[in-house]
Amino acid sequence: MMSYADLEREIDRGTRPEMLRDWVLAVLGDVADGRRPLLAVRHPLGFTCLPVDRSGPDGICVHAWAADLPPVRPTTSTMHSHSWDLLSHVLHGRVRNELIEVSDAPAEPAWRVYEVRSRGDVDEMAATDRLVTAVTATVETHSVGDSYALRAGGFHTSEVGPGQPAVTVALGRTTPGACDLSLGAVDGRSHQVRRDRCDVAETSRLAREIAQLVARC
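Here is what the cut-offs are and how they apply
Residues numbered from 1 in each chain as written. Predicted model: local features only at pLDDT ≥ 70, side-chain atom pairs only at ≥ 80, totals over all residues. Heavy atoms only, no water. Helix = DSSP H or I, 4+ residues; strand = E, 2+ residues; numbered from the N terminus. Rg over C-alpha atoms; globule rule 2.2 N^0.38 Å. Contact = heavy atoms within 4.5 Å. Areas by Shrake-Rupley, 256 points an atom, 1.4 Å probe, with all protein chains shown as cover. Lys, Arg positive; Asp, Glu negative; His and termini not counted. Charge placed at Lys NZ, Arg CZ, Asp CG, Glu CD. Expected span 1.5 Å × (residues − 1). Buried < 20%, exposed > 50% of the residue type's maximum accessible area, 1.4 Å probe, protein only. Pairing = 2+ DSSP bridges. Axes fitted to C-alpha atoms, helices over the stretch in contact; angles between N-to-C directions. Polar contact = N/O pair within 3.5 Å; in protein donor to acceptor, adjacent residues only side chain to side chain. 1 Å grid on protein atoms, 1.4 Å probe; cavity = no way out; pocket = protein on both sides within 12 Å on 5 of 7 lines; lining within 4 Å. Points joined across faces, edges and corners; volume = space filled by probe spheres on them. Nonpolar A, V, L, I, M, F, W, Y, C, P; charged D, E, K, R; others polar. Phe/Tyr/Trp six-rings, centres within 6.5 Å; stacked < 30°, edge-to-face > 60°.

**Student:** Please clarify how the overall build of the chain should be interpreted in this entry.
**Tutor:** Across its full length, the chain holds three helices and 14 strands. Taking 217 residues into account, the globule formula puts the C-alpha radius of gyration at 17 Å, and the chain, at 17 Å, falls close to it. Long-range contacts, defined here as pairs at least 24 residues apart, represent 79% of the contacts in the chain between residues at least 6 apart. Of the accessible surface of the chain, which amounts to about 11100 Å², a share of 49% is contributed by carbon and sulfur atoms. Distance between charge centres in the chain, computed from 24 positive and 30 negative side chains, equals 3 Å.

Now the structure itself:
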């Protein structure tokens, strides 16, 4: 089992992508065969998350976007920011990130900021008093073998093209005092969203399908 530090070092070096691929394939094989007890989660932003290690402030996940991904309809929007620094490596497909510049605009806002408070499988979307505008500052596209970082607090979207599956290994390092945020309707209210946690059989099937994608690259 590679640790967070091991994976971070390999991604930063970028010299042995086959090691990352082989490690992920081994993890997916353990999940598929029931040797690693975890359940996949279908994230409201459209991807499936396999939480490989979420036992501490440093998390390791495998993220997968399916080819038949249905349209994403979050209750707020796809523009969000993390409470943790993200370091991600693309194992299959292509991921498109839009980096969003957010400015306070209490007089003529386009969006309200919502604080995402996660408790188990439930996300409480708490409407805050902060009103803002948002514009795309940068667009980045990352393909197989590429790595990218997104800082805590930086608003962005992450998407894949229609019919184009993608797989990444994602490392998250929690920033003390930071909050998960999302941009939503100015006149919206606080509400809850439940994440769809897969059962053992579905998790096993998904792990095998994701492994097939990774093995092609």
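The rest of the description comes next.
**Student:** What is the right way to read helix α2 (residues 17-32) from this model?
**Tutor:** Because the α-helix completes a turn every 3.6 residues, residues three or four places apart line up on one side. If you check α2, its first and last C-alpha atoms are 22 Å apart, about what 16 residues at 1.5 Å a residue would give, namely 22 Å. Within α2, the full set of buried residues consists of Leu20, Trp23, Val24, Val27, Leu28, Val31 and Ala32. Contacts made by the buried residues of α2 are with α1 (4-13), β2 (48-53), β3 (58-65), β5 (84-92), β11 (166-174) and α3 (200-215).

**Student:** Could you clarify how one ought to interpret the sheet that holds β11 in this entry?
**Tutor:** Sheet strands associate in pairs through backbone hydrogen bonding, adopting either a parallel or an antiparallel arrangement. In spatial order, the strands read β9-β5-β11-β3-β2-β1-β14; together these seven strands make up an open sheet with antiparallel pairing. On the outer flanks of this sheet lie β9 (147-150) and β14 (196-197), each paired with one strand and no other. In terms of strand pairing, strand β1 (residues 41-42) meets β14 through two bridges, oriented antiparallel. The residue bridging Val41 from the neighbouring strand is Arg197, located in β14. Most of the contacts of α2 go to β5, to which it runs at about 90 degrees, and overall it touches β2, β3, β5 and β11.

**Student:** Sorry if this is basic, but what is going on with the side chain of Glu98 here?
**Tutor:** Tracing the backbone shows Glu98 in strand β6 (residues 94-104). Within the structure, the side chain of Glu98 is placed 2.7 Å from the side chain of Arg96, a separation counted as a polar contact. When residues no more than four places from it in sequence are discounted, the contact partners of Glu98 are Thr136, Thr138, Val139, Phe155, His156 and Thr157.

**Student:** Hey, could you run me through the layout of surface pockets in this one?
**Tutor:** The gaps of empty space that remain are located by a probe, the size of a water molecule, rolled over the atoms. Empty space within the second largest pocket amounts to approximately 230 Å³. With three residues, the single largest contributor to the lining of the second largest pocket is strand β10 (residues 156-159). Grouping the constituent residues of the lining of the second largest pocket by class yields 10 nonpolar, seven polar and one charged.

**Student:** Looking at this model, I keep getting lost on the packing of aromatic side chains. Mind explaining?
**Tutor:** In this description, a pair of aromatic rings is defined by centroid distance and the angle of the planes. In total, this model carries one aromatic pair according to the counting rule given. Relative to Trp65, the ring of Phe47 has its centre 5.3 Å away and its plane inclined at 50 degrees; by these criteria the two rings are tilted. With Phe47 in the loop between β1 and β2 and Trp65 in strand β3, this pair connects stretches of sequence that are 18 residues apart. Of the residues examined, Trp65 reaches a relative accessible area of 4% and is grouped as buried.

**Student:** Hey, could you run me through the pairing of β3 in this one?
**Tutor:** Consecutive side chains along a regular strand alternate between the two faces of the sheet. Among the eight residues that make up β3, seven are buried, leaving the element largely enclosed by the rest of the structure. Between β2 and the antiparallel strand that follows it, β3, lie four residues. Relative to β11, β3 is paired through eight bridges, and the arrangement is antiparallel. By the bridge assignment, Ile60 is partnered in β11 with Leu171.

**Student:** I would appreciate a short explanation of the environment of His63 in the present structure.
**Tutor:** In this fold, His63 is placed in strand β3. Distance from His63 to Gly163, taken between C-alpha atoms, is 16 Å for residues 100 residues apart in sequence. For His63, the residues in contact, after removing those within four places along its chain, are Phe47, Thr48, Cys49, Ala166, Val167, Thr168 and Ala170.

**Student:** Is there a simple way to think about the packing of α1 against α2 in this case?
**Tutor:** Each pair of packed helices can be summarised by the angle the axes make with each other and by the distance between the axes. With their axes 9 Å apart at the nearest point, α1 and α2 run at an angle of 145 degrees to one another. Between α1, through Leu7, Glu10 and Ile11, and α2, the contact on the second element is made entirely by Met19, Leu20 and Trp23. Taken together, the residues of the contact of α1 with α2 break down into five nonpolar, no polar and one charged.

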